[in-house]
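# Breakdown of the fold
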Amino acid sequence: MNNLATSMNDATTNNMVLPMQDIVARLERLEKQQSDSPDSNALSMVVFSGELDKLLAAFIIATGAAACGMRVSMFFTFWGTAAIKKDGPQVSGKSMVERMFGWMLPGGLHKRKLTRMNMAGVGRRMMVREMKKKGTPDLPSLIEIAKETDVEIRVCEMSMSLMGIRKEELIDYTDMTFCGVASFVESASKSGTTLFI
Amino acid sequence: MAEDTMYDLIGLKCPMPIVKLNKIMKTLAVNDECTVTVDDPAFTPDVKAWCNKTGHTLLSCVVKADTIVVKIRKQA
């Protein structure tokens with residue numbers, strides 16, 4: 001009799017407790033879903049290319065989106081990483097192959113080539129002159145605007161070590177961090193828009 | 001008292017008019033109005049898109065020859 005009463009008591013408590021636990025678990029799942037779901041006000045970008053035209057497009061979209069109130073994150077990898085090197089000599093302490101990469105991929109924002117019609121630099125110079133004449137912002141000024149509008153830059157650590165690029169060789173940028181693919185994937189999964197340039 | 005300030009953005013090309021407009025908006029108080037003059041032809045569709053995205057109110061958009069005069073009210 002006593003045993004029966006205890007087991008009945010247990011049953012009642014369990015009946016009360018189980019739905020409550022269930023609700024809490026569901027709520028936690030929903031909260032997680034909510035925080036993981038893409039934010040339509042966030043833009044993630046992979047900047048893979050290092051040519052002037054593609055970098056201009058990337059930075060115009062980034063600064064434009066930031067001016068529309070979006071949170072913007074640019075992930076630089078491969079030729080994109082090499083493109084945001086400063087002009088100037090390489091740092092010391094590099095291996096022979098790393099040094100060769102440095103020679104093959106000179107830094108300097110004003111040295112970026114065009115993907116088409118570069119014509120050994122003649123096309124690029126024409127394009128730059130036209131941009132100046134028509135009041136289109138150049139790459140350094142777009143990067144300055146990106147800084148002002150809090151565009152975040154993430155640089156792929158792997159592409160840096162592969163090409164022997166050192167942090168101090170990159171352009172000066174306030175919000176620049178060094179990371180791997182997981183950081184990009186996390187930011188991209190939370191952004192409503194993701195672009196690959 | 002809500003204010004109406006004039007801004008001249010003549011000569012600026014994409015994305016600068018939107019970038020400057022965003023900067024101007026930050027200096028205004030809610031319900032303040034501003035009038036900007038732009039000559040970038042992309043600004044007519046772009047200012048509508050910008051207002052949709054940011055939530056500010058586009059009061060008027062008048063195209064006169066090569067210039068576009070836009071009036072915007074700041075929202076919270």
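It should be emphasised that the depicted structure is a prediction, and the values quoted were computed from it without experimental measurement. (Residues numbered from 1 in each chain as written. Chains lettered and ligands numbered in written order. Predicted model: local features only at pLDDT ≥ 70, side-chain atom pairs only at ≥ 80, totals over all residues. Heavy atoms only, no water.)

## Some remarks on the packing of aromatic side chains
Residue and element names in this part refer to chain A. Threshold: Any two of the Phe, Tyr and Trp rings considered here, Trp counted by its six-membered ring, make a pair once their centres fall within 6.5 Å; the pair's planes then place it as stacked at under 30 degrees, edge-to-face at over 60, or tilted in between. When a residue's accessible area, from a 1.4 Å probe over protein chains only, is under 20% of the maximum for its type it is buried; when over 50% it is exposed; and in between it is partly exposed.
Within this structure, the stated rule accounts for five aromatic pairs over all chains. Between Phe78 and Trp79 the ring centres are 6.2 Å apart and the planes differ by 65°, which places this aromatic pair in the edge-to-face class. With a relative accessible area of 40%, Trp79 lands in the partly exposed category. By way of ring pairs, the aromatic residues Phe48, Phe78, Trp79 and Phe196 are connected into one cluster.

## Quick notes on the side chain of Gln90(A)
All names here are of chain A. Where we set the bar: The secondary structure listing takes helices from DSSP runs of H or I that are at least 4 residues long and strands from runs of E that are at least 2 residues long, numbered from the N terminus. We call two N or O atoms a polar contact when they sit within 3.5 Å, provided that within protein one can donate a hydrogen and the other can accept it, with sequence-adjacent residues counted only if both atoms are side-chain atoms. Contacts are assigned to residue pairs with any non-hydrogen atoms lying within 4.5 Å of each other.
Secondary-structure assignment places Gln90 in the loop between α3 (79-83) and α4 (96-104). When its relative accessible area of 19% is taken as the criterion, Gln90 is described as buried. Among the polar contacts made by the side chain of Gln90, one reaches the side chain of Lys94 at a distance of 2.8 Å. Within the structure, Gln90 has its side chain in polar contact with the backbone oxygen of Arg99 (distance 2.9 Å). With near-sequence residues (within four places) excluded, Gln90 lies in contact with Glu98, Arg99, Gly102, Trp103 and Glu169.

## Points about the nonpolar core
Counted only if it meets this: To form a nonpolar core, buried Ala, Val, Leu, Ile, Met, Phe, Trp, Tyr and Cys residues must be joined to one another through side-chain atoms within 4.5 Å.
Of all hydrophobic cores here, the largest spans 58 residues; its most connected members are Phe59(A), Val72(A), Met74(A), Phe43(B) and Ile72(B). The dominant element in this core, judged by the number of residues it contributes, is helix α2 (residues 52-67) of chain A, at nine residues. The residues touching Ile72(B), leaving out its near neighbours within four places in the chain, are Leu21(B), Met25(B), Asp32(B), Glu33(B), Cys34(B), Val47(B), Trp50(B), Cys51(B), His56(B), Thr57(B), Leu58(B) and Leu59(B). Listed in part, the six residues of the second largest apolar core include Phe75(A), Cys156(A), Cys179(A) and Phe184(A).

## Here's the deal with the confidence of the model for chain B
Threshold: pLDDT measures the predictor's confidence residue by residue and takes values from 0 up to 100.
Looking at chain B, the pLDDT average stands at 92 and 97% of residues meet or exceed 70. Mean pLDDT across the secondary structure elements of chain B bottoms out at strand β1 (residues 4-9) of chain B, with 90, and peaks at strand β4 (residues 67-73) of chain B, with 96.

## Section: the pairing of strand β4 (residues 176-179) of chain A
All names here are of chain A. Here is the rule we go by: By this definition, two strands are paired if DSSP reports at least two bridges between them. Look down the strands so they point away from you; if the path from the first strand over the helix to the second goes clockwise, the crossover is right-handed.
In this sheet, β4 lies alongside strand β3 (residues 152-156) in parallel orientation, the contact comprising four bridges. Counted as the bridge partner of Ile153 is Met176 from β4. For the crossover that starts at β3, traverses helix α7 (residues 157-162) and ends in the parallel β4, the hand is right-handed.

## Thoughts on the interface of chain B and chain A
Frequently, the measure chosen for interface size is the accessible area that the parts lose on association. Applied cut-off: Here the quantity called buried area is the accessible surface, traced with a 1.4 Å probe, that two parts lose on coming together, added over both. Salt bridges are counted wherever a side-chain nitrogen of Lys or Arg sits within 4 Å of a carboxyl oxygen of Asp or Glu.
Tallying the contact residues gives twelve residues for chain B and 16 residues for chain A. For the pair chain B and chain A, the summed buried area comes to about 1,000 Å², and 65% of that belongs to carbon and sulfur atoms. In this structure, the salt-bridge partner of Glu148(A) is Lys23(B), at a minimum N-O distance of 2.9 Å. Our count for the chain B to chain A interface comes out at five residue pairs in polar contact (both at pLDDT 80 or more).

## Observations concerning the sheet that holds β4(A)
Backbone hydrogen bonds hold the strands of a sheet together, and the pairing may be parallel or antiparallel. Residue and element names in this part refer to chain A. So the rule is basically this: Axes, fitted as lines to C-alpha atoms, cover a helix only where it is in contact. Angles between the N-to-C directions of the axes lie from 0 to 180 degrees.
Across the sheet, five strands lie side by side as β4-β3-β2-β1-β5; this open sheet has parallel pairing. Across the chains shown, the open sheet's two edge strands, defined by having one partner strand only, are β4 and β5 (191-196). Between one strand and the next, the sheet's axes are offset by a mean angle of 20°, whatever the strand orientation. The sheet contact formed by strand β1 (residues 39-47) and β5 spans five bridges and is parallel. Across the sheet, residue Leu43 finds its bridge partner in β5, namely Thr193. The strands touched by α2 within the sheet are β1, β2 (71-76), β3 and β5, with β2 carrying the most contacts at an inclination of about 160°.

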